[in-house]
Every structure is written in structure tokens, then in C-alpha cells.
Amino acid sequence: MNETFKNNMRAILNLSAALIIAALFVFSYRYEKGSLDFISVSFEKHFKVYDGFTFRVTNGSDMDLNSVKMTAGPRRGAASDFVCYPRRTLFRNGFTLHDTSDFADSKGSRFEPKKGENVEIFIECRGADGKLYSGSGTLEYR
């Protein structure tokens, strides 16, 4: 009887450990998925470059973003949009710096904002869960 009791206790402990691990996995997945709401664009200190300016993209989430696409200005269509693929990971709680000259359309023409113009930057990226997330921000070229 003593041996049966020990076996039952081991089974209960193993089952309890498995349930705790599963619950922690579910909570961490939901936390990672929900944290992607904090992708933002912010202006980087009036740093001007030739025919444009520098801005920074901040990843306020707790997930690294590898597949990032940025579009400048109003969306007109896939062929005429000015697009930038940063080619580097946007690390969690980090940022990357970009120039407006990083953006080009399908013909290779560079994006050149006019002084006083407001430029909207759209960010699209894939999260670890495979879903598409986006954010946007408006920048003023002074």
C-alpha cells in the first residue's frame, strides 16, 4: 500500500508540473502577442540630410521583428509607393535610424520630401505568431 501511494503521488506531481508548464506557455504566448501593439515611429532630433531628414523607428514591444516594411507618404499602389526594407532586425525595446533617402519607388526614384511637408510613415511587420502588425506616425520636415 505504501508503494501504491508513492506511485500515485508521483503521478499527481508529474501531472501538476505539466499543467503549470502549459499554463506558463499560454500566458507567455499571449503576452508576446499583445506586446506588438507598441510599434511606433518618432522623429529623431531635427537631424537633416541632403534633401530629407533622419527619423527613428522604435520597437516598444518585447519581440524582435525581422520582416519590416516601411512606406512613406500616402499609399498609392504597390508600383508607385516609396518603400524601405530596413534589412536588419528591429530588436525588442530598441530602435533603428533611417533617412528619407532610404525610400525608393519601383523605378528606383528616391523619396524627397518638401520643407514644411508632413510625411506619414507606415510600418508593417510579421510577428512571431505569423500575423501582420502595423503602426504609423506623422513626421514634419522643417
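Up top is the structure these notes are about.
Here is what the cut-offs are and how they apply
Residues numbered from 1 in each chain as written. Predicted model: local features only at pLDDT ≥ 70, side-chain atom pairs only at ≥ 80, totals over all residues. Heavy atoms only, no water. Pairing = 2+ DSSP bridges. Helix = DSSP H or I, 4+ residues; strand = E, 2+ residues; numbered from the N terminus. Axes fitted to C-alpha atoms, helices over the stretch in contact; angles between N-to-C directions.

A.B. asks: Give a detailed account of the sheet that holds strand E6 (residues 118-126), specifying residues and quantitative values.
C.D. replies: Working definition: the strands of a sheet are paired by backbone hydrogen bonds and lie parallel or antiparallel to each other. Across the sheet, four strands lie side by side as E4-E3-E6-E7; this open sheet has antiparallel pairing. Each of the sheet's edge strands pairs with one partner strand only, and the pair in question is strand E4 (82-84) and strand E7 (132-140). On average, adjacent strands in this sheet sit at an angle of 20° to one another, irrespective of strand direction. Across three bridges, the pairing between strand E3 (residues 68-72) and E4 is antiparallel. Following the sheet pairing, Ala72 is matched in E4 by Phe82.

A.B. asks: Please set out the environment of Tyr133 residue by residue, giving values where relevant.
C.D. replies: With respect to the helices, strands and loops of the structure, Tyr133 is situated in strand E7. Sequence separation of Tyr133 and Ile123 is 10 residues, and the distance between their C-alpha atoms is 8.2 Å.

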